[in-house]
Amino acid sequence: MPKNKLVFPFILVCTLFFLWAFLHNINGILIPQLKKVCQLSYTQSSFIDVAVYFGYFFVAVPAGLFLHRYGYKKGILCGLFLYAAGALLFLPAADERNYALFLVALFVAASGATFLETVANPYAANMGSPTNPEQQLNLAQSFNGLGAVMAPYIGTHFILSGIEHTKGELAAMQARGELTAYLQQEAGSIKPVYLAIAGVLIVVAIAFIFTKLPEIKETEGAHGTEFSLGVLRLPHVRWAVIAEFFYVGAQVGVTSFVVPFSRYAANIPEKTAGNMFTLAMVGFMAGRFLGTFFMKYIQPAKLLSIYAAINVGLLMVVLFAHGLIAVYALMAIPFFLSIMFPTIFALGIKDLGEETKLASSLLVMSIIGGAFIPFVMGRITDRAGGNIQVAYVMPVVSMLFILWFGLRGHRIKIKNPQPAVA
């Protein structure tokens, strides 16, 4: 834990983990809702994830450069205001039922979240010169788990109507001139949620403006203070970037298609599936807290490997079982995903000194996996005639790589000085 004088700033930074988790985990609700509102295929609906994670890909390095020049606090404020602007763009997008504008809104919001992640992960890990940054970052990421629970809960109860029509029923509604009004009503349910998100972001930004945050002072790395891609010369950084690519892709792929998977595998209605998704994310949150506790007794890399192996087993059930067994296996996976992102991140930035900021940017940039893997899953599903079950082969591949990273890829070959906090 950070020193006493840093407790309130640490808590305030933890709110950022909640906020970007909300952005990511509401997608599991947005995908079926916008698929309905904008009449999309599985591949087209996967562009919701593509828009979010392309925001991360294109903004991560600029965010790192901004952070390097202007510091952590200004990076946080920039992120919060960009995120709020993206949330507000949902209002005209819903009014016009314009899918392209929805994607722009998601891209802008994700750009803001990129700033927040680039700042908050290394900040939380290194605040107070912790002896165990993996454990401290997992504690902060527990608030990410809370956001992961609240997003599907709010989305299920305030966005999803529970009204699902067949293609034949929609065609009949169009013939009667009722389809446009129905789709507009479904789109309108999105607006209050994103208006509230924008309000929360502005309030948090004001709190940061009036709070004095300690600046982390890193010692020089092997390249001095030069902001260089040379950090990738370190094997543990390179493999961590790839591991985060696979992890985020797997997490997004698992969670984004929960509602349609539940319908396909066990004919579960969208509202019921949304509630089950919320419970699965309660498991994700619990996994963060329990993982932080387990790391007192189990080395982080070893725990990462154990969880990856368990997820491989669960995903095999998802691939080959049928009915509720497959759905229950899918719902169990988030618990074992819970520690992966912060653990990989902390292992990837370990002992980097000044190069921590660039490594953080590259690790955030690797979140592009969240665009690639769900898109491939959408394509597999469409090509398989709507059989979404076979698409879960992609998360299996991802978990196998993370298993290897936990066993071998995280090992540090070259050491640099540890950072210190002012």
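Here we summarise the structure given alongside this text. Source: prediction; values computed, not measured.

## Focus on unusual backbone geometry
Then comes step 1: We note that Arg97 has phi near 50°; this positive angle belongs to a residue other than glycine.
Then comes step 2: Residue placement: Arg97 occurs in the loop between helix 5 (72-96) and helix 6 (99-126).
Then comes step 3: On the accessibility criterion, Arg97 (24% relative accessible area) is partly exposed.

## Notes on the pattern of salt bridges
Then comes step 1: In the structure shown here, the tally under the stated rule is 5 salt bridges.
Then comes step 2: The residue Glu186 makes a salt bridge to Lys36 at a minimum N-O spacing of 3.5 Å. Note that Glu186 is positioned in helix 9 (residues 179-188) and Lys36 in helix 2 (residues 27-37), a separation of 150 residues in sequence.
Then comes step 3: Taking the relative accessible area as the measure of exposure, Glu186 reaches 4% and is therefore buried.
Then comes step 4: Two residues, Lys36 and Glu270, come together in a salt bridge whose shortest N-O distance is 3.2 Å.

## So, helix 15 (residues 324-337)
Then comes step 1: Here helix 15 contains 14 residues, and its C-alpha end-to-end distance of 21 Å stays within 8% of the 20 Å for a straight helix at 1.5 Å per residue.
Then comes step 2: When helix 15 is considered as a whole, its buried residues turn out to be Ala326, Val327, Ala329, Leu330, Met331, Ile333, Pro334, Phe336 and Leu337.
Then comes step 3: Residues of helix 15 that are buried make contact with helix 11 (235-256), helix 12 (258-266), helix 13 (270-294), helix 14 (300-320), helix 16 (340-348) and helix 19 (393-409).

## Some details on the environment of Trp239
Then comes step 1: Among the secondary structure elements, Trp239 is positioned in helix 11.
Then comes step 2: Residue classification places Trp239 among the partly exposed residues on the basis of a relative accessible area of 31%.
Then comes step 3: Remark: the alpha-carbon pair of Trp239 and Gly409, spanning 170 residues in sequence, is separated by 5.9 Å.
Then comes step 4: When near neighbours in sequence (up to four residues on either side) are disregarded, Trp239 contacts Phe401, Trp404, Phe405 and Gly409.

Parameters and conventions
- Residues numbered from 1 in each chain as written.
- Predicted model: local features only at pLDDT ≥ 70, side-chain atom pairs only at ≥ 80, totals over all residues.
- Heavy atoms only, no water.
- Helix = DSSP H or I, 4+ residues; strand = E, 2+ residues; numbered from the N terminus.
- Buried < 20%, exposed > 50% of the residue type's maximum accessible area, 1.4 Å probe, protein only.
- Salt bridge = Lys/Arg side-chain N within 4 Å of Asp/Glu carboxyl O.
- Expected span 1.5 Å × (residues − 1).
- Contact = heavy atoms within 4.5 Å.

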